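Per-entry structural report
Take a look at the letters that make up each chain.
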Amino acid sequence: MDIIQSFYDNLASHYDKLFCDWQKTTKEQAMLLDSLFKENGYDKKAKILDCACGIGTQVIGLANIGYNISASDISDGALEEARKRAKENKVEICFENADFRSLAKTF
């Protein structure tokens, strides 16, 4: 494990504390991203890949409003937290461990 993976593995269980209200933030960011997608010709039929998804802040919000989401991160700790949060939010998201510098190996 390299230093980056180790850093984010250790941060994962505390990352939500960077937000006053993590659950509210997922909704706000989803609405913002939804608006940007629509402005650029994408709708909820688009397949979205969030590389470096962390604990799932954006992808969980997007999945909650109907987007087809896949997500990856280099940190097993972040992915474990993201999977837990997706389950709590009752959304289906495909999470994979992948370095965003070499996504073609995974996706």
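Computed from a predicted structure; not experimentally measured.

Quick notes on helix α4 (residues 76-88)
In this model α4 runs 18 Å from its N-terminal to its C-terminal C-alpha over 13 residues, within 8% of the 18 Å that 1.5 Å per residue would give. Considered for burial, the residues of α4 that qualify are Gly 77, Ala 78, Leu 79, Glu 81, Ala 82, Arg 85 and Ala 86. On the buried face of α4, the contacting elements are α1 (3-11), α2 (22-39), α3 (57-64), β2 (68-73) and β3 (94-97). The opening residue of α4 is Ser 75, an N-cap whose side-chain oxygen sits 3.3 Å from the backbone nitrogen of Gly 77.

Let's talk about unusual backbone geometry
In most cases, non-glycine residues show a negative phi, while peptide bonds are predominantly trans. A positive phi angle, near 65 degrees, is found at Ala 52, a position not held by glycine. Here Ala 52 lies in the loop between β1 (47-51) and α3.

Topic: the nonpolar core
Nonpolar side chains in soluble globular proteins generally cluster together in the buried interior. Val 59, Ile 60, Ile 69, Ile 93 and Phe 95 are the most contacted members of the largest nonpolar core, which has 22 residues in total. Among the secondary structure elements, those contributing two or more residues to this core are α2, α3, β2 and α4. Residues contacting Val 59, with those up to four places away along its chain left out, are Asp 50, Ile 69, Ala 71, Ile 93 and Phe 95.

Focus on the environment of Asp 43
Mapped onto the secondary structure, Asp 43 falls in the loop between α2 and β1. Its relative accessible area of 39% is what places Asp 43 among the partly exposed residues. In this structure the side chain of Asp 43 is engaged in a polar contact, spanning 2.9 Å, whose partner is the backbone nitrogen of Lys 45.

Quick notes on the pairing of β3
Across a regular strand the side chains alternate sides, sitting on one face of the sheet and then on the other. Where β2 meets β3, four bridges bridge the pair, whose relative direction is parallel. In the sheet register, Ser 72 faces β3, and the bridge partner there is Glu 96. Remark: the β2/α4/β3 crossover connection has right-handed handedness.

Section: the pattern of salt bridges
Using the criterion set out here, one finds seven salt bridges in the structure. The salt bridge partner of Lys 17 is Asp 16, with a shortest N-O separation of 3.8 Å. Of the residues examined, Lys 17 reaches a relative accessible area of 60% and is grouped as exposed. On the accessibility criterion, Asp 16 (18% relative accessible area) is buried. Of the charged contacts, one joins Asp 34 and Lys 38 as a salt bridge, the two residues approaching to 3.1 Å between their closest N and O atoms. A residue pair is termed a helical-turn pair when its members lie 3 or 4 positions apart in one helix, as Asp 34 and Lys 38 do in helix α2 at four residues. Through salt bridges with shared partners, a single network forms among Asp 16, Lys 17, Glu 81, Lys 84 and Arg 85.

Definitions and limits used
Residues numbered from 1 in each chain as written. Predicted model: local features only at pLDDT ≥ 70, side-chain atom pairs only at ≥ 80, totals over all residues. Heavy atoms only, no water. Helix = DSSP H or I, 4+ residues; strand = E, 2+ residues; numbered from the N terminus. Expected span 1.5 Å × (residues − 1). Buried < 20%, exposed > 50% of the residue type's maximum accessible area, 1.4 Å probe, protein only. Contact = heavy atoms within 4.5 Å. Polar contact = N/O pair within 3.5 Å; in protein donor to acceptor, adjacent residues only side chain to side chain. Core = buried A, V, L, I, M, F, W, Y, C linked by side-chain atoms within 4.5 Å. Pairing = 2+ DSSP bridges. Right-handed = clockwise from strand over helix to strand, strands pointing away. Salt bridge = Lys/Arg side-chain N within 4 Å of Asp/Glu carboxyl O.

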